[in-house]
Amino acid sequence: MLRASRTHHFGFIRDFVTRWDALALLVVLALVVFMAEASRGLLEPLSKLDATPLSLDPRQLPVYAARTTLRMFTALALSLAFTFSYATWAARSPRAARLLIPLLDILQSVPILGFISITFVFFMSLVPGRVLGAEFAAIFAIFTSQAWNMAFSFYQSLRTVPIELSEAADSFRLTPWMRFWQLEVPFGLPALTWNMMMSMSGGWFFVVAAESISVGHTSVALPGIGSYIAIAIEQRNLHAIGWAIAAMAAVILVYDQLIFRPLICWVDRFRVEQEPGSEPPESWALTMMRRSRIISGLTALFHATVRWTSWKLPRRAGPRAPSPARRTRAARRWEVLWIALALLAATLALHRLVVTLMLHTRLAELREVGLLALITMARVVILIALASLLWVPIGVWIGLRPRAAQVMQPVAQFMAAFPANLLFPLFVYLIVAGRLNPDVWLSPLMILGTQWYILFNVIAGASAMPAELRYAAQNLRVGGWLWWKRVALPGVMPYFVTGAITASGGSWNAAIVAEVASWGDTKVEAHGLGAYLAAASADGDFHRIVLGIATMCVFVVCINRWFWRPLYYYAERRYRLT
């Protein structure tokens, strides 16, 4: 009784701070310390990097991992802002989509080394002589490996919003701002979350090229796991590669538990179904966030901000306030403006291309680059087909079982994040020892990181499949191939096409890493456009870099325009949830 009475007098403390608040405060403080440690030295001169060269000492890996993680999450935040603005604009305006979607195809087809070669000088000039300029270049390079996939995913979600939900939003006369936050973002979040995880893994795949930047005679190695891996490969240090793999696994596990696992559990509420399916996934971090008053207060502040901005934005007087004639005139003016801007941009780009390439490119060189592009295209087509046959059934199986998704999610993230460079020792040894053909045996490296786009999108599509559709198939005893033909494949088709588009573009990009493998002084090279671009970037030959990038863009855009886009629009019209 005495002990109970003593603790009772301090019971008021529980009204202010609970154990969940204490845990949340501990996590927030750890994140603040992490940000402070990872951002140290950003304003130091570039000469400091040469004065303190990178070390393969495993004790340096926590600092390197923090720097790499900060770059990747900064790029992810920028990618999310780009996705919400770019994809929403393209989905809401058909005229804008005529320009924005082909432009997104082109941006996706530009290899990461192409972005680095073109933008490196620009970012270094923003903060001359400082490490921050190189950090900008590295973050932008990682951004280019994340943003396009997320934008395609969110655009696909906005284009397949069920008609009844759109009609309900129109009935409530939601403003475009409220429609975005109350309908479009919740509907697109399940697929976008899986693609955010894939984008993070894609950033890991290209982290070596992003952190160990080499353009011509200029080389900058930023502290990070990517530079650590590059030095380990150069020195043939297998132990260092093992430590790098362990550090990657630890980092992926931490941010999976603190960010992506809670996000997957939270967005489960936005699945399109009229009755609950299986038990929702669970996350200790999400439980902490829901029961912590600190995080609940921040969430309430965000919702209040959204409501306040919605009230401040002008509302339409009625569902059809502008007259039809006025809307037609406005539409025509916008269409003329878009056509003029598109023609101006096309004219300037064509003029620049002619001046840079046509006047200095021999016909024999053009034929050679075209042949190399055809070889790379054959690899991409074969590998995408094989990956689809493997991962579509597995993705459907995982997506229909939330508990299996909980187990497979971190495993798939780690496998997707596994850089191809870490397998160079094995492939170089096998090819040299067995006298194998590099054109064949280096090809799997192209699909190593991009095949997961297909898996993650198919999992998202199967997770979003309405429960009543599955129950109807069970009641009608639909099974075997008929179930795949009438239920599973139509249900995930729009998501699969989105994943296949990004996987195809990513495979072209990965060709630069995959078609040239080196281990110390031993170098194995396959024939293809990726190897051509890698050699041009190493030599600092701007003319060959532009020629290779232009060729890759033409091939990727033509494939997307003549094959993937028609298939995507067919899947959107034929299998849209209504």
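Residues numbered from 1 in each chain as written. Predicted model: local features only at pLDDT ≥ 70, side-chain atom pairs only at ≥ 80, totals over all residues. Heavy atoms only, no water.

1. Let's talk about the overall build of the protein chain
- Looking only at helices and strands, the protein chain has 26 helices and 4 strands in total.
- A burial count over the protein chain gives 49% of its 578 residues as buried.
- With an accessible surface of roughly 29100 Å², the protein chain has 67% of that area assigned to carbon and sulfur atoms. (Helix = DSSP H or I, 4+ residues; strand = E, 2+ residues; numbered from the N terminus. Buried < 20%, exposed > 50% of the residue type's maximum accessible area, 1.4 Å probe, protein only. Areas by Shrake-Rupley, 256 points an atom, 1.4 Å probe, with all protein chains shown as cover.)

2. Let's talk about helix α12 (residues 225-235)
- The element α12 is extensively covered by neighbouring structure, given that 9 of its 11 residues are classed as buried.
- Taken from the residues just after α12, R236 is the one with a positive phi, measuring 55°.

3. Describing the confidence of the model for the protein chain
- On average, residues of the protein chain score 79 in pLDDT, and 85% of them are at 70 or above.
- Counting interchain partners and residues more than four positions distant, the pLDDT-below-50 stretch residues 1-7 has 0 contacts. (pLDDT = per-residue confidence, 0-100. Contact = heavy atoms within 4.5 Å.)

4. With respect to the packing of helix α17 (residues 363-399) against helix α25 (residues 529-539)
- Contact geometry for α17 and α25: axes closest at 7 Å, N-to-C directions at 125°. Considering their axes alone, α17 and α25 lie oblique with respect to each other. Taking contact as the criterion, the partners of E365, V369, L372, A373 and T376 in α17 are, on α25, L529, G530 and Y532.
- In the contact of α17 with α25, the residues fall into 5 nonpolar, 2 polar and 1 charged. (Axes fitted to C-alpha atoms, helices over the stretch in contact; angles between N-to-C directions. Parallel < 35°, antiparallel > 145°, perpendicular 65-115°, else oblique. Nonpolar A, V, L, I, M, F, W, Y, C, P; charged D, E, K, R; others polar.)

5. Here we look at the packing of aromatic side chains
- Counted by the stated rule, this structure contains 25 aromatic pairs.
- With a centroid separation of 5.2 Å and an interplanar angle of 65°, the aromatic rings of F122 and F123 are classed as edge-to-face.
- Judged by its relative accessible area of 48%, F122 is partly exposed.
- Grouped by ring-pair contacts, the aromatic residues F82, Y86, F122, F123, F140, F143 and W148 constitute a single cluster.
- The lysine or arginine in question, R544, covers the ring of Y532, its NZ or CZ lying 5.1 Å from the ring centre.
- Taking NZ or CZ as reference, R565 lies 5.6 Å from the ring centre of Y568, over its face. (Phe/Tyr/Trp six-rings, centres within 6.5 Å; stacked < 30°, edge-to-face > 60°. Lys NZ or Arg CZ within 6 Å of the ring centre and 35° of its normal.)

6. Overview of the side chain of S199
- Residue position: S199 is located in helix α10 (residues 176-205).
- Sequence-distant contacts of S199, defined by excluding residues within four places in its chain, comprise S145, Q146, N149 and M150.

7. Let's talk about the pattern of salt bridges
- Counted by the stated rule, this structure contains 9 salt bridges.
- When the shortest N-O distance is used, the salt bridge between D170 and R179 registers 3.2 Å.
- Because the salt bridges share partners, they merge into one network encompassing R67, R71, E135 and E211. (Salt bridge = Lys/Arg side-chain N within 4 Å of Asp/Glu carboxyl O.)

8. Some words on helix α26 (residues 542-574)
- A rise of 1.5 Å per residue sets the reference length of α26, with its 33 residues, at 48 Å; its end C-alpha atoms lie 45 Å apart and thus fit the reference within 8%.
- Its axis deflected by about 40° at N560, α26 carries its strongest bend there. (Expected span 1.5 Å × (residues − 1). Bend = angle between axes of the 7 residues up to and from the residue.)

9. Some points on the pairing of strand β4 (residues 522-525)
- By the bridge criterion, 4 bridges tie strand β3 (residues 516-519) to β4 in an arrangement that is antiparallel. Residue W519 lies in a different strand from β4, and its bridge partner there is T522.
- In this structure, the hairpin formed by β3 and β4 is closed by a connection of 2 residues, where G520 is found at a positive phi of approximately 70°. (Pairing = 2+ DSSP bridges.)

10. Observations concerning the packing of α17 against helix α22 (residues 451-463)
- Between α17 and α22, the least distance of the axes is 8 Å, while the angle of their chain directions is 30°. α17 and α22 meet at a crossing whose hand is right-handed. In contact with I384, A387, S388, W391, V392, I394, G395, V396, I398 and G399 of α17, α22 contributes Q451, W452, I454, L455, V458, I459, A462 and S463.
- Here the contact of α17 with α22 is built from residues that sort into 13 nonpolar, 5 polar and no charged. (Left-handed = near helix turned anticlockwise from the far one by under 90°.)

11. A look at the side chain of T69
- Here T69 shows up in helix α4 (residues 61-92).
- Given the relative accessible area of 9%, T69 is considered buried.
- If we ignore the near neighbours within four places in the chain, the residues touching T69 are F34 and V251.

12. Side note on the environment of G203
- Counting through the fold element by element, G203 comes out in helix α10.
- You can call G203 buried: its relative accessible area is 0%.
- A C-alpha to C-alpha distance of 6.4 Å links G203 and Q146, two positions 57 residues apart in sequence.
- Apart from the residues within four sequence positions on either side, G203 is in contact with M72, I142, S145 and Q146.

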